[in-house]
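This is what each chain is made of:
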Amino acid sequence: MRALAVVALVAACTACATAPRLEAPPAASLAAAPAGFPAAIRTYSLDREFIETHASEIAGRVAASATDGSLDLLALSGGGAGGAFGAGVLVGLTEAGTRPQFEVVTGVSTGALIAPFAFLGSDWDDELAEAYTGGASEHLMVSRGVGVLFGAGLFQGRPLRELVDRFVTDDLLAAVAREAALGRGLFVATTNLDREETAIWNLGAIAQQGGPRARELFRDVLIASASMPGVFPPIIFEVEHGGEIFHEMHVDGGVTTPLFVAPDIIVLRGSGPEALRGANAYVISNAQLTRPARTTPADTASIASRSLSAVLDHLTRDALLQAEDFATRNGMHFRFTTIPHAYPDGGSLAFNQNNMSALFEYGRSCAAQGLIWLDAAEQVLALDRRAERVTAPERAPCPSVLSAGASSY
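Residues numbered from 1 in each chain as written. Predicted model: local features only at pLDDT ≥ 70, side-chain atom pairs only at ≥ 80, totals over all residues. Heavy atoms only, no water.

**Examining the overall build of the protein chain**
Formally: A helix here means a DSSP run of H or I that spans at least four residues, while a strand means a run of E at least two residues long, and both kinds are numbered starting from the N terminus. Two residues form a contact once any of their heavy atoms are found within 4.5 Å. In these tables, accessible area is a Shrake-Rupley quantity obtained with a 1.4 Å probe, and a residue counts as shielded only by the protein chains included in the view.
Each helix and strand in the protein chain was counted, giving 14 helices and 10 strands. Long-range contacts, defined here as pairs at least 24 residues apart, represent 79% of the contacts in the protein chain between residues at least 6 apart. Total accessible area on the protein chain is roughly 17700 Å²; 54% of this is exposed by carbon and sulfur atoms.

**Some words on the state of the cysteines**
Using the following cut-off: Note on terminology: disulfide denotes any pair of cysteine sulfur atoms within 2.5 Å. Think of it in three bands: with a 1.4 Å probe and only protein chains considered, a residue is buried below 20% of the maximum accessible area for its type, exposed above 50%, and partly exposed in between.
Applying the stated criterion across every chain, the model contains one disulfide. Through a disulfide, C366 is tied to C398; the S-S separation comes to 2.2 Å. Disulfide C366-C398: torsion about the S-S bond near -85°, hence left-handed. Of this pair, C366 sits in helix α12 (residues 353-368) while C398 sits in the loop between α13 (377-386) and α14 (400-403), and the two are 32 residues apart along the sequence. Accessibility assignment for this pair places C366 and C398 in one class, buried.

**Points about the packing of helix α4 (residues 110-120) against helix α7 (residues 170-181)**
Rules: For helices, the fitted line uses only the C-alpha atoms of the stretch in contact; every axis is such a line through C-alpha atoms, and the angle between N-to-C directions lies from 0 to 180 degrees. The labels follow the angle: roughly parallel below 35 degrees, roughly antiparallel above 145, roughly perpendicular from 65 to 115, and oblique for the rest. In this scheme the crossing of two helices becomes right-handed for a clockwise turn of the near helix relative to the far one and left-handed for an anticlockwise turn of less than a right angle. Classes in brief: Ala, Val, Leu, Ile, Met, Phe, Trp, Tyr, Cys and Pro nonpolar; Asp, Glu, Lys and Arg charged; the others, Gly included, polar.
In the contact formed by α4 and α7, the axes pass within 10 Å of each other and the chain directions differ by 60°. Relative to α7, α4 is oriented oblique. Crossing handedness for the pair α4 and α7: left-handed. Residue-level inspection shows P116, F117, F119 and L120 of α4 in contact with α7, the latter providing L172, A175, V176, E179 and A180. Of the residues in the contact of α4 with α7, the class split is eight nonpolar, no polar and one charged.

**Focus: the side chain of N202**
Worth spelling out the cut-off: Polar contacts here mean pairs of N or O atoms no more than 3.5 Å apart (in protein, one a potential hydrogen donor and the other a potential acceptor; neighbouring residues in sequence count only if both atoms are side-chain atoms).
Counting through the fold element by element, N202 comes out in strand β6 (residues 197-202). Within the structure, N202 has its side chain in polar contact with the backbone nitrogen of A205 (distance 3.0 Å). Setting aside anything within four residues of it in sequence, one finds N202 in contact with I41, L186 and F187.

**Quick look at the nonpolar core**
Let me state the cut-off plainly: To define a nonpolar core, start from buried Ala, Val, Leu, Ile, Met, Phe, Trp, Tyr and Cys residues and group those joined through side-chain atoms within 4.5 Å.
Membership of the largest hydrophobic core comes to 76 residues, with the highest contact counts inside it found for L74, V105, Y132, W201, I206, F218 and L222. Filtering out sequence-adjacent residues up to four positions away, F218 remains in contact with P116, V168, L172, L173, V176, L186, L203, I206 and A207. In this structure, V62, A66, I200 and L289 belong to the second largest nonpolar core, which totals 36 residues.

**So, the pairing of strand β7 (residues 235-241)**
Using the following cut-off: Note on pairing: DSSP must find at least two bridges between two strands before they are called paired.
Pairing of strand β1 (residues 33-34) with β7 involves two bridges; the strand directions are antiparallel. Within β7, the residue paired with P34 across the bridge is V239. Bridge count for β7 against strand β8 (residues 244-252) is seven bridges, and the pairing is antiparallel. From the neighbouring strand, I235 faces β8, where its bridge partner is H250. Linking β7 back to β8 in an antiparallel pair, the connection comprises two residues, with G242 at a positive phi of about 60°.

**Brief notes about the pattern of salt bridges**
Formally: Definition used for salt bridges: Asp or Glu carboxyl oxygen within 4 Å of a side-chain nitrogen of Lys or Arg.
Under the criterion given, the structure shown has 16 salt bridges. One salt bridge in this structure joins R61 and E57, with 2.8 Å as the shortest N-O distance. Within this pair, R61 and its partner E57 are both found in helix α2 (residues 48-64), separated by four residues, close to a single helical turn. Salt-bridge contacts for D170 lead to R215; the nearest nitrogen and oxygen are separated by 3.9 Å. Of the two residues, D170 sits in helix α7 while R215 sits in helix α9 (residues 211-226), which places them 45 residues apart along the sequence. Given the relative accessible area of 56%, D170 is considered exposed. Judged by relative accessible area, which is 21%, R215 ranks as partly exposed. Members of the salt-bridge network, linked through shared partners, are R161, D165, D170, R215, R219 and D220.

**Some words on the packing of helix α6 (residues 158-167) against α9**
Two elements in contact, α6 and α9, have axes whose closest approach is 10 Å; the angle formed by their N-to-C orientations is 130°. Overall, the two elements α6 and α9 adopt an arrangement that is oblique. Both α6 and α9 take part in a crossing whose hand is right-handed. Residue-level inspection shows L160, R161, V164 and D165 of α6 in contact with α9, the latter providing R215, R219, D220, L222, I223 and A226. Tallied by class, the residues present in the contact of α6 with α9 amount to five nonpolar, no polar and five charged.

**Overview of α4**
With 11 of 11 residues buried, α4 is to be regarded as a mostly interior element. If you check which residues of α4 are buried, you get T110, G111, A112, L113, I114, A115, P116, F117, A118, F119 and L120. A positive backbone phi angle near 95° is found at G121, which sits one or two residues after α4.

**Overview of α9**
Going by this rule: The span expected for a helix works out to 1.5 Å for each residue beyond the first.
Compared with an ideal rise of 1.5 Å per residue, which puts 16 residues at 22 Å, α9 spans 23 Å between its outermost C-alpha atoms and is within 8% of the ideal. Along α9, the residues classified as buried are A214, L217, F218, R219, D220, V221, L222, I223, A224, S225 and A226.

**Remarks on the packing of aromatic side chains**
Selection criterion: Only Phe, Tyr and Trp rings are paired, with Trp represented by its six-membered ring, and only when their centres lie within 6.5 Å; those with planes under 30 degrees apart are stacked, over 60 edge-to-face, the remainder tilted. The criterion is that NZ of a Lys, or CZ of an Arg, lies within 6 Å of the ring centre and within 35 degrees of the ring normal, and then a charge sits over that ring.
Counted under the stated rule, the structure contains seven aromatic pairs. Between Y282 and W373, the ring centres sit 4.9 Å apart and the planes meet at 50°, which makes this aromatic pair tilted. With Y282 in strand β9 (residues 280-284) and W373 in the loop between α12 and α13, the pair connects residues that are 91 residues apart, well separated along the chain. Of the residues examined, Y282 reaches a relative accessible area of 14% and is grouped as buried. The exposure class of W373 is partly exposed, given its relative accessible area of 21%. Through a chain of ring-to-ring contacts, three or more aromatic side chains come together here, namely F85, Y343 and Y362. The cationic tip of R184 hangs over the ring face of F119; the distance from NZ or CZ to the ring centre is 4.2 Å. R195 extends its terminal NZ or CZ atom over the ring of Y44, reaching a point 5.3 Å from the ring centre.

And the structure:
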């Protein structure tokens with residue numbers, strides 16, 4: 001009987017996991033969009049035609065929204081549980097009275113989850129702190145049991161959906177819509193697996209649509225951006241093109257871009273809209289850019305894990321250096337921060353409350369002391385490799401120690 005029950009359960013899981021999805025839109029259908037929304041709510045990072053048509057117009061509106069006389073852009077990277085660092089940094093900047101009003105906020109993965117709060121400003125710090133230190137994230141890793149053999153992720157998607165749904169309220173959506181109407185920009189990235197390309201979503205434009213459907217799409221884009229492939233299930237978006245309905249599969253934006261201050265096509269060209277000249281570009285990396293050296297066991301799992309970690313670390317470093325180069329060539333002032341090599345980080349999947357709270361407090365304390373921003377990325381990376389790792393978070397010095405050229409911690 002027990003064997004029959006197991007077989008029945010497996011069959012049920014298989015039936016649920018293999019529910020058919022529709023075909024993806026044809027290759028030429030860049031204008032496909034969720035039903036009821038204009039195609040312009042998103043673009044692809046290498047969509048030259050869209051950028052040439054809209055970039056200067058968007059940049060002009062953003063520049064006009066800088067009522068304090070300073071045009072400030074913030075890019076938030078991926079990093080899983082490391083998002084507690086970025087959340088703490090923003091709260092600490094509020095405490096120090098040095099937090100800019102960011103006219104543009106971009107986010108990837110956990111950075112996408114932070115992005116709406118960063119966009120709305122210090123009035124939403126309590127919600128931001130609760131999201132990363134309130135213990136809700138501790139329940140994200142719920143195993144799918146035998147369903148993992150047939151599903152699309154090791155862990156259930158429900159806890160992540162419930163967490164995001166809890167904070168994407170009607171009030172938050174209305175607040176984002178009001179700020180977007182002033183010309184400010186809120187953008188997050190997902191990875192369209194069918195195209196193997198970065199999709200950049202205009203969350204401000206989605207919020208301005210209003211209503212339950214806008215809230216649902218806003219929420220699902222955030223979930224997709226944070227859905228690490230193989231860990232959480234992907235998000236399927238129903239889109240319309242030429243009167244036909246298609247499905248698109250989207251996962252973590254960090255698969256294709258760890259962070260972005262502008263779409264790839266603009267960065268590759270090297271020159272951005274003139275309206276961005278003189279702007280301040282800030283980057284918060286919610287991950288360590290270098291890892292401590294250690295012997296890798298000669299087994300398949302360890303080799304694959306460390307290889308993937310190396311790929312992601314190098315992609316993030318390259319993206320950071322490209323962002324700095326792009327900002328410099330376009331006359332923008334560049335600042336960034338990251339979790340130093342010395343900090344005893346538990347890794348991107350360390351969602352337990354103790355780890356998250358400690359990392360949040362570290363970022364908050366450093367920002368409140370004015371010891372958070374760095375400027376010379378290449379120099380900092382070199383120093384970071386020589387830094388000694390500490391054993392307790394409270395012993396880790398703040399990131400700007402690196403910019404002073406410290407040789408030890």
